[in-house]
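Observations on the three-dimensional arrangement
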Amino acid sequence: MQMREAGLPVGEVENEAVVLTFAEHASLSRYALRRDGELVATLDHRDDGMTVAARAYTVLAVHGQSHAGEITSRAVTAIEARGGRTVRAERPYVAAWFRRHPERADILA
């Protein structure tokens, strides 16, 4: 499956008969977003115990459907819930997401 860099707690959200499922795969250092069971976006991270470096990717076939924003929002919420960590936006998409969401900037490294 081709992925493209894209520039809430674990659970599911239904929207017009579409189910989005968010989960963390700790052994892979990855969050995943699935739409109706199909992988649509990932957010890879490295956690050194204080700072989480993040990079978001979307599947090319669904690029432009807000999945990167959705997974970034949910990942930031999950990282905040862990406490004691900041986020280093390593790639352009995650940095741009934080510029669009200044209310979440307090977690930035």
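Structure's up top.
Residues numbered from 1 in each chain as written. Predicted model: local features only at pLDDT ≥ 70, side-chain atom pairs only at ≥ 80, totals over all residues. Heavy atoms only, no water.

1. Quick notes on the overall build of the protein chain
Per the secondary structure count, the protein chain includes 2 helices and 7 strands. Along the protein chain, helices (α) and strands (β) appear in the sequence β-β-β-β-β-β-α-β-α when read from the amino end. For the protein chain, buried positions account for 38% of its 109 residues. As displayed, the protein chain offers around 6100 Å² of accessible surface, 51% of which is attributable to carbon and sulfur atoms. (Helix = DSSP H or I, 4+ residues; strand = E, 2+ residues; numbered from the N terminus. Buried < 20%, exposed > 50% of the residue type's maximum accessible area, 1.4 Å probe, protein only. Areas by Shrake-Rupley, 256 points an atom, 1.4 Å probe, with all protein chains shown as cover.)

2. Details of the nonpolar core
Counting residues in hydrophobic clusters, the biggest one holds 25 residues, and the most contacted among them are Phe22, Tyr31, Leu33, Leu43, Ile71 and Phe98. Top element by residues in this core is helix α1 (residues 67–82). It accounts for 6 residues. Among all residues touching Leu33, those that are not within four sequence positions of it are Leu20, Thr21, Phe22, Glu38, Leu39, Val40, Ala41, His67, Glu70, Ile71 and Arg74. (Core = buried A, V, L, I, M, F, W, Y, C linked by side-chain atoms within 4.5 Å. Contact = heavy atoms within 4.5 Å.)

3. A few points about the pairing of strand β7 (residues 86–89)
With 4 bridges connecting them, strand β6 (residues 51–59) and β7 associate as parallel partners. Note that in β7 the partner of Ala53 across the bridge is Arg88. In the classification by handedness, the crossover that spans β6, the intervening α1 and the parallel β7 is right-handed. (Pairing = 2+ DSSP bridges. Right-handed = clockwise from strand over helix to strand, strands pointing away.)

4. Focus: the packing of aromatic side chains
Overall, the coordinates contain 2 aromatic pairs when judged by the stated rule. Ring centres of Phe22 and Tyr31 lie 5.4 Å apart, and the angle between their planes is 10°; this geometry places the pair in the stacked category. Like Phe22, the residue Tyr31 is buried in the burial classification. Their ring planes at 90° and their centres at 5.0 Å tell us that Trp97 and Phe98 sit as a pair that is edge-to-face. Of the two residues, Trp97 and Phe98, neither departs from the other in class, the shared state being buried. (Phe/Tyr/Trp six-rings, centres within 6.5 Å; stacked < 30°, edge-to-face > 60°.)

5. Points about the pattern of salt bridges
Enumeration over the complete set of coordinates arrives at 9 salt bridges. Residue Asp44 pairs with Arg30 through a salt bridge whose shortest N-O separation is 2.6 Å. Of the two residues, Asp44 is situated in strand β5 (residues 38–47) and Arg30 in strand β4 (residues 30–35); the sequence distance between them amounts to 14 residues. Given a relative accessible area of 12%, Asp44 falls into the buried group. Residue Glu90 is joined to Arg55 by a salt bridge in which the shortest nitrogen-to-oxygen separation is 3.3 Å. Highlighted residues: Glu90 in the loop between β7 and α2 (92–100) and Arg55 in strand β6, separated in sequence by 35 residues. On the basis of relative accessibility, which here comes to 29%, the residue Glu90 falls in the partly exposed class. Through salt bridges with shared partners, a single network forms among Glu24, Asp47, Arg82 and Arg85. (Salt bridge = Lys/Arg side-chain N within 4 Å of Asp/Glu carboxyl O.)

6. A short note on the pairing of strand β3 (residues 18–25)
Pairing geometry for β3 and β4, over 6 bridges, is antiparallel. Looking at the pairing, Glu24 lines up with Tyr31 of β4. In this antiparallel pair of consecutive strands, β3 and β4, the connection spans 4 residues, and Ser29 shows a positive phi of 55°.

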